[in-house]
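Coordinate analysis (summary)
Okay, here's what each chain looks like letter by letter:
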Amino acid sequence: MFKLSKVFFLIFILATLCAKTYGQITDGDTNVVITTKYQPDVIETKKIEITPELNELKVNSPEYNYNFPPISYKPKSVYTPVDPIFLKPEKDELLFDNYIEIGGGNYLTSYLNTSVHNTQSKYYSYGVNIMHHAANNSENPQNALFSRNKINLYGLREKGDDLYTELDFNRNVVHYYGYIDKQPEYTTDDINQIYNDITAKAEWSRKKKKYNNQMNVMLNLFDNLGENENTLNVQNSFSKRIRSDIFILDFGTTYTQLVEKADYNRFFVNLKPHYYFRYKKIKVDIGVNTNYFLDSNTNQIYIAPYGHLETDIIPKKIRVYVNGSGDLKQNTLKSLSYENLFLGNNTLYSNPYIWTFRTGMNGTFNKVVQLGIDIKHELIEDQYFFINDTNNLRNFVTISDDLNKTTLSGEVKVDLNKNITFNVLGNYHSYSPVKELKAWQMPSYDLSFISKTHIGNKIYITGSYFVTGSREATDLKGEKRTLGAINDINMAIEYRYKSNISGFLNFNNLLNNRYEIWNHFRSQGLNLLAGVTFSL
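Bear in mind that the values here come from a model prediction, so they are computed numbers and not experimental data.

On to the overall build of the protein chain. Broken down by element type, the protein chain carries two helices and 28 strands. Looking at the protein chain as a whole, 46% of its 536 residues are labelled buried. Restricting the contact set of the protein chain to residue pairs at least 6 apart, pairs at least 24 apart contribute 62%. For the protein chain, the exposed surface amounts to about 26100 Å²; the carbon and sulfur share of it is 57%.

Below, the structure written as structure tokens:
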């Protein structure tokens, strides 16, 4: 009888919830911006270490994350590795508990990174992270100078109900150095862009035998000289075990107040009930994803079915999956500004709704080779694109168009032995915009090669090679350019002198090629950073 109820539940979902429902809609701009999970830095010289390992899906947390982020959208002077999709990276290795890193580089680069936290506490953890990274070698704005500063305070209580709190402050400075050369010469003060970003968040979780609950509350204050935005976000995930199955209810709401020439307030609600169970050897997660969006001109509801099927074709080694759903992507001034640090003030806030269908496989063949393949097709309403404004600074604005996008992704990790690992990650994209001639600033492919080795327990070496295909660009006048392909080679060397002292030397952009990250905005050339790390 219980199995029969599952079948009726499945039929009910598929038969009744494949619709998009509308509330009252008035005339006017119905645009909001899409959210990206990417959180960029102005520049990052140290590379992220990727040493993936396969983890089995946990029944009490049925999450399926198979994302290949496009590396071309990272507004940095040098690239960093893309995140693996299936092969989850290990946690960063910490050489010391409390530490301080001090370094410098050839752009009169100053670098400081420190972490101080408590030790030997059974229930409580708290600490502070401070980071500073800046390039100040000249008064020439076209040298892509920057300054990145961050202070992070956190605390965790693990006694009964877990409670985590965090206060984060970021202050980033970049310059509109892609300006028209024929104009009068600018100074760095004339074209600087300063981002102040303050985030306070708290996470409360309760884990019981039959149910789990996790709540997140986040308040963000963001400004960039002339515009400021206040965002309040509340997320809650409740899961309850029903025999061997799990019922999950995900709820989220976001309120955003944007202050420019006039206030613009937006309100989002997301509700996603879904049911996780096993049918023979197949893992099934099925439900409904509902989005509600409200602003001064729009009152709109989207309803879409959600489903994920997964099974092992070789037990505990190779799995295949298929899934699909529709989702409304939210964005903020903060997420758009971090995606493109050279954004201007004439931003179109589009409201993309994305239907996503994907299938793939991933797993491990032996102790040496791990592999993942993914095919994804997206139907996107109101996808946004970055194009140049026609002012002297040539900063960026956004336009929107419907877009069909297909992505073929693959990842391979090879462990030759305990001392050598090799990781390859790549994406091939196909775009079909409806009105626009091209998918502006979006590459047709990107590749990432990372290799790591160490000699004894003293010398650790990481090499990386990042490739991004050519991209088409335009501006508001319709003038078009083709941005060349990007080839970026990097190397990082660490020498561990003692258990509490090490030195590092990073070479970025070894080809010394000032490629265009965005149209008219080039990366830095050969970039060196050297320093030492001490335990405290």
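That was the structure; now back to the text.
Bringing the pairing of strand β15 (residues 318–328) into the picture now. Sheet analysis places strand β14 (residues 299–314) next to β15, joined by seven bridges and oriented antiparallel. Following the sheet pairing, D312 is matched in β15 by R319. In this structure, the hairpin formed by β14 and β15 is closed by a connection of three residues, where K316 is found at a positive phi of approximately 65°.

Another point: the confidence of the model for the protein chain. In the predicted model, the protein chain carries a mean pLDDT of 81, and the fraction of residues at 70 or more is 79%. This stretch, residues 1–61, has a pLDDT under 50; its non-local contacts, to residues over four places away or in other chains, come to 187 contacts. Note that residues 63–96 has pLDDT below 50 and, in this model, 150 contacts with residues that lie over four places away or in other chains.

Our next topic: unusual backbone geometry. Here L108, not a glycine, exhibits a phi torsion of approximately 50°, which is positive. Examined against the element boundaries, L108 turns out to sit in the loop between β3 (99–105) and β4 (109–117). Even without a glycine there, the phi angle at K280 is positive, about 60°. Considering the arrangement of structural elements, one finds K280 in the loop between β12 (263–279) and β13 (282–294). Under the relative-accessibility criterion, K280 is labelled exposed at 72%.

Tallying each qualifying case throughout the model produces 18 aromatic pairs. Centroid distance Y177 to F342: 5.5 Å. Interplanar angle 85°. Geometry classified as edge-to-face. In this pair, Y177 is assigned in the loop between β7 (161–175) and β8 (192–207) and F342 in the loop between α2 (333–339) and β16 (353–364), connecting sequence segments 165 residues apart. Here Y177 matches F342 in class, with each residue buried. Linked through ring pairs, Y177, F342, Y384, F386, F396, W518 and F521 together constitute an aromatic cluster. Across from the ring centre of Y306, 3.8 Å away, lies the NZ or CZ of K272, which sits over that ring. Between the NZ or CZ atom of R496 and the centre of the ring of Y460, over which it lies, the distance is 3.9 Å.

A few words on the nonpolar core. F342, F386, F396, W518 and F521 are the most contacted members of the largest nonpolar core, which has 33 residues in total. Broken down by secondary-structure element, the contributors of at least two residues to this core are β12, β14, α2, β17 (369–388) and β26 (516–518). Counting residues per element, this core draws most heavily on α2, which supplies three residues. In terms of nonpolar packing, the next biggest core, distinct from the first, is built from 11 residues, I354, V397, I399 and Y431 among them.

Time to look at the pattern of salt bridges. Summed over the entire model, instances satisfying the criterion amount to 12 salt bridges. Of the charged contacts in the structure, one is a salt bridge between E310 and R319, with a shortest N-O distance of 3.5 Å. Since its relative accessible area comes to 9%, R319 is described here as buried. The salt bridge partner of R481 is E516, with a shortest N-O separation of 3.0 Å. Pair noted here: R481 is in strand β23 (residues 480–483) and E516 is in strand β26, with a separation of 35 residues, a long-range link. Assessed through its relative accessible area of 8%, E516 is described here as buried. One network of salt bridges, in which partners are shared, links R481, E516 and R522.

Here Q383 lies in strand β17. Residue classification places Q383 among the buried positions, given a relative accessible area of 7%. Excluding residues that lie within four positions of it along the chain, Q383 makes contacts with P352, I399, S400, D401, L403 and M442.

Topologically, E260 is positioned in the loop between β11 (245–259) and β12. Judged by its relative accessible area of 30%, E260 is partly exposed. Each C-alpha atom, one on E260 and one on N345, is 8.5 Å from the other, the two residues being 85 residues apart in sequence. For E260, the residues in contact, after removing those within four places along its chain, are E227, N345 and Y349.

Another point: the pairing of β12. Sheet analysis places β11 next to β12, joined by 14 bridges and oriented antiparallel. Considered in β12, the bridge of G252 is made with N270. One ladder, built from 11 bridges, connects β12 with β13; its direction is antiparallel. For Y279, the partnering residue across the bridge sits in β13 and is I282.

Along the chain, the position of I455 falls in strand β20 (residues 445–455). Distance in space between the C-alpha atoms of I455 and N419 is 7.5 Å, their sequence separation being 36 residues.

In this section: the environment of G372. With respect to the element layout, G372 can be found in strand β17. Judged by relative accessible area, G372 falls into the buried class, the value being 1%. Residues G372 and V320, spaced 52 residues apart in sequence, show a C-alpha to C-alpha distance of 9.8 Å.

What counts and what doesn't
- Residues numbered from 1 in each chain as written.
- Predicted model: local features only at pLDDT ≥ 70, side-chain atom pairs only at ≥ 80, totals over all residues.
- Heavy atoms only, no water.
- Helix = DSSP H or I, 4+ residues; strand = E, 2+ residues; numbered from the N terminus.
- Buried < 20%, exposed > 50% of the residue type's maximum accessible area, 1.4 Å probe, protein only.
- Contact = heavy atoms within 4.5 Å.
- Areas by Shrake-Rupley, 256 points an atom, 1.4 Å probe, with all protein chains shown as cover.
- Pairing = 2+ DSSP bridges.
- pLDDT = per-residue confidence, 0-100.
- Phe/Tyr/Trp six-rings, centres within 6.5 Å; stacked < 30°, edge-to-face > 60°.
- Lys NZ or Arg CZ within 6 Å of the ring centre and 35° of its normal.
- Core = buried A, V, L, I, M, F, W, Y, C linked by side-chain atoms within 4.5 Å.
- Salt bridge = Lys/Arg side-chain N within 4 Å of Asp/Glu carboxyl O.

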